[in-house]
Amino acid sequence: MILVTGSAGQIGTELVAELRSRHGPENILAGKHRTPLPDEIASSGPSEIVDVSNPEQLKRTLLNYGITKIFHLSSILSALAESDIQRAHEVNINGVFNVLNTALESNIEQVIIPSSIAAFGTDTPRKSTPNDTIQRPSTVYGISKVFTELMGNYFFTRFGLDVRGLRLPGVISWKTEPTAGTTDYAVAMFYEAIASDKYECYLRPDTPLPMMYMPDAIKSLLDLSDANISNLVHHSDFNVHAMSFTPSELAKAIKKINPKFRITYNIDPLRQSIADSWPASLDDSAARKEWGWKPDFDMDSLVNDMYQNLENKLI
Ligand code: AKB
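It should be emphasised that the depicted structure is a prediction, and the values quoted were computed from it without experimental measurement. (Residues numbered from 1 in each chain as written. Predicted model: local features only at pLDDT ≥ 70, side-chain atom pairs only at ≥ 80, totals over all residues. Heavy atoms only, no water.)

**Student:** Go over the overall build of the protein chain, please, and point to the residues and values.
**Tutor:** Counting secondary structure elements, the protein chain contains twelve helices and 14 strands. Computed over the C-alpha atoms, the radius of gyration of the protein chain is 19 Å, within 12% of the 20 Å expected from 2.2 N^0.38 for a compact globule of 315 residues. The dimensions of the protein chain, computed from C-alpha atoms along their principal axes, are 55 × 45 × 40 Å. For the protein chain, buried positions account for 54% of its 315 residues. Of all intrachain contacts in the protein chain linking residues separated by at least 6 positions in sequence, the fraction that spans at least 24 positions is 79%. On the protein chain, roughly 13300 Å² of surface is accessible, and the fraction owed to carbon and sulfur atoms is 50%. Distance between charge centres in the protein chain, computed from 29 positive and 38 negative side chains, equals 2 Å. (Helix = DSSP H or I, 4+ residues; strand = E, 2+ residues; numbered from the N terminus. Rg over C-alpha atoms; globule rule 2.2 N^0.38 Å. Buried < 20%, exposed > 50% of the residue type's maximum accessible area, 1.4 Å probe, protein only. Contact = heavy atoms within 4.5 Å. Areas by Shrake-Rupley, 256 points an atom, 1.4 Å probe, with all protein chains shown as cover. Lys, Arg positive; Asp, Glu negative; His and termini not counted. Charge placed at Lys NZ, Arg CZ, Asp CG, Glu CD.)

What follows is the structure in structure tokens.
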């Protein structure tokens, strides 16, 4: 049985649905903590409260359900982490350690933990950021993601635990909204364009950030999980890239579908400084070579698919 922590979140809801359709609903345990699960996840298979800050409870859950693989998705995202450092430390550092250590003690076969483009900082080359380069993030979220990558690689080399991870960019989706990230503006812009034909953006118009459509994010996690371990040189720290755009480029693309759409800017200094410390684009040749990573969606196909699905959902 597979456990997905953070199943109520933006990525978790869609990963649980995809895993349930691949492996049967009874074989996927949706782990949640504070946020309630959406009805379709709660009603379509087993679920359990999983508190990653409590290793005993975690261990009991792994044993009770016969868990063999964990997708550990629960995480406090970048903007919220800056306003609640304590909670970010509890979930993103202690929680990750507890999951890895408990997985080792419980003979779990594989642990997948996403990292993020936040694992880089202002000293890192910003364009086509190499897979292996300087990582000196200036945010608590970024620091926790470097910890996750290093700890994941450590558990693999020291104990042979199969830990894998990749650095997700901003993920765009229409089913579950993201919470308190820096890249969330891109999702919010679609919601507002459909609801009110206007959006006030908290990032400067010329801020480039790497982005990915949800189907590709799910594919990246599942393909990395399925990869033949003997082909992997890296383990917990793969760059994956799909596209990069700025708020003004996204607004222009949305305007092609909704000509009434207008964007204005009211910069949030905190989120702007976070975005300015992240890569503009990534070199993902290691992921392409070691496990065949290739995205299906570019910016045009993302914008059209996202707008249409969200419009059908909201109207
Ligand atoms: C965030 O903005 O915090 C996340 C991320 C890039 O990890 N979407």
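**Student:** Lay out the packing of helix α7 (residues 185-196) against helix α9 (residues 247-257) with the relevant residues and their values.
**Tutor:** Two packed helices can be described by the angle between their axes and the distance between those axes. Viewed as axis vectors pointing N to C, α7 and α9 meet at an angle of 30°, and their least axial separation amounts to 11 Å. When the axis of α7 is compared with that of α9, the two are roughly parallel. Relative to α9, α7 is oriented so that their crossing is right-handed. Packed against α7, whose contacting residues are Y185, A186, M189, F190 and A193, the element α9 presents P247, L250, A251 and I254 at the interface. (Axes fitted to C-alpha atoms, helices over the stretch in contact; angles between N-to-C directions. Parallel < 35°, antiparallel > 145°, perpendicular 65-115°, else oblique. Left-handed = near helix turned anticlockwise from the far one by under 90°.)

**Student:** Hey, could you go over the packing of helix α5 (residues 85-105) against helix α6 (residues 140-159) for me, with residue numbers and the actual values?
**Tutor:** Direction vectors running N to C along α5 and α6 enclose 10°, while the axes themselves pass 10 Å from each other. The pairing of α5 with α6 is recorded here as roughly parallel in orientation. Side by side, α5 and α6 meet where I85, A88, N92, I93, V96, F97, L100, N101 and L104 of the first sit next to V140, Y141, S144, F147, T148, M151, G152, F155 and F159 of the second. Partitioning the contact of α5 with α6 into residue classes produces 13 nonpolar, five polar and no charged. (Nonpolar A, V, L, I, M, F, W, Y, C, P; charged D, E, K, R; others polar.)

**Student:** Which residues make up the pattern of salt bridges, and what values go with them?
**Tutor:** For side chains bearing opposite charge, pairing can occur when the charged atoms are close. Enumeration over the complete set of coordinates arrives at ten salt bridges. Ionic pairing is found between E18 and R22, a salt bridge with its closest N-O pair at 2.9 Å. Of this pair, E18 and R22 both sit in helix α1 (residues 10-23), separated by four residues, roughly a single helical turn. Residue class for R22 comes out partly exposed when judged on its relative accessible area of 44%. Measuring nitrogen to oxygen at the nearest pair gives 2.8 Å for the salt bridge that ties D268 to R271. Residue classification places R271 among the partly exposed residues on the basis of a relative accessible area of 23%. If you follow the salt bridges from partner to partner, you end up with R204, D206 and D276 in one network. (Salt bridge = Lys/Arg side-chain N within 4 Å of Asp/Glu carboxyl O.)

**Student:** Which residues make up the layout of surface pockets, and what values do they have?
**Tutor:** Estimated volume of the second largest pocket: approximately 160 Å³. Around the second largest pocket, the lining residues are E14, A17, E18, I172, S173, W174, K175, Y213, M214, P215, I218 and D305. Of all the elements in the fold, those that place two or more residues in the lining of the second largest pocket are α1 and α8 (214-226). Tallied by class, residues from the lining of the second largest pocket come to seven nonpolar, one polar and four charged. (1 Å grid on protein atoms, 1.4 Å probe; cavity = no way out; pocket = protein on both sides within 12 Å on 5 of 7 lines; lining within 4 Å. Points joined across faces, edges and corners; volume = space filled by probe spheres on them.)

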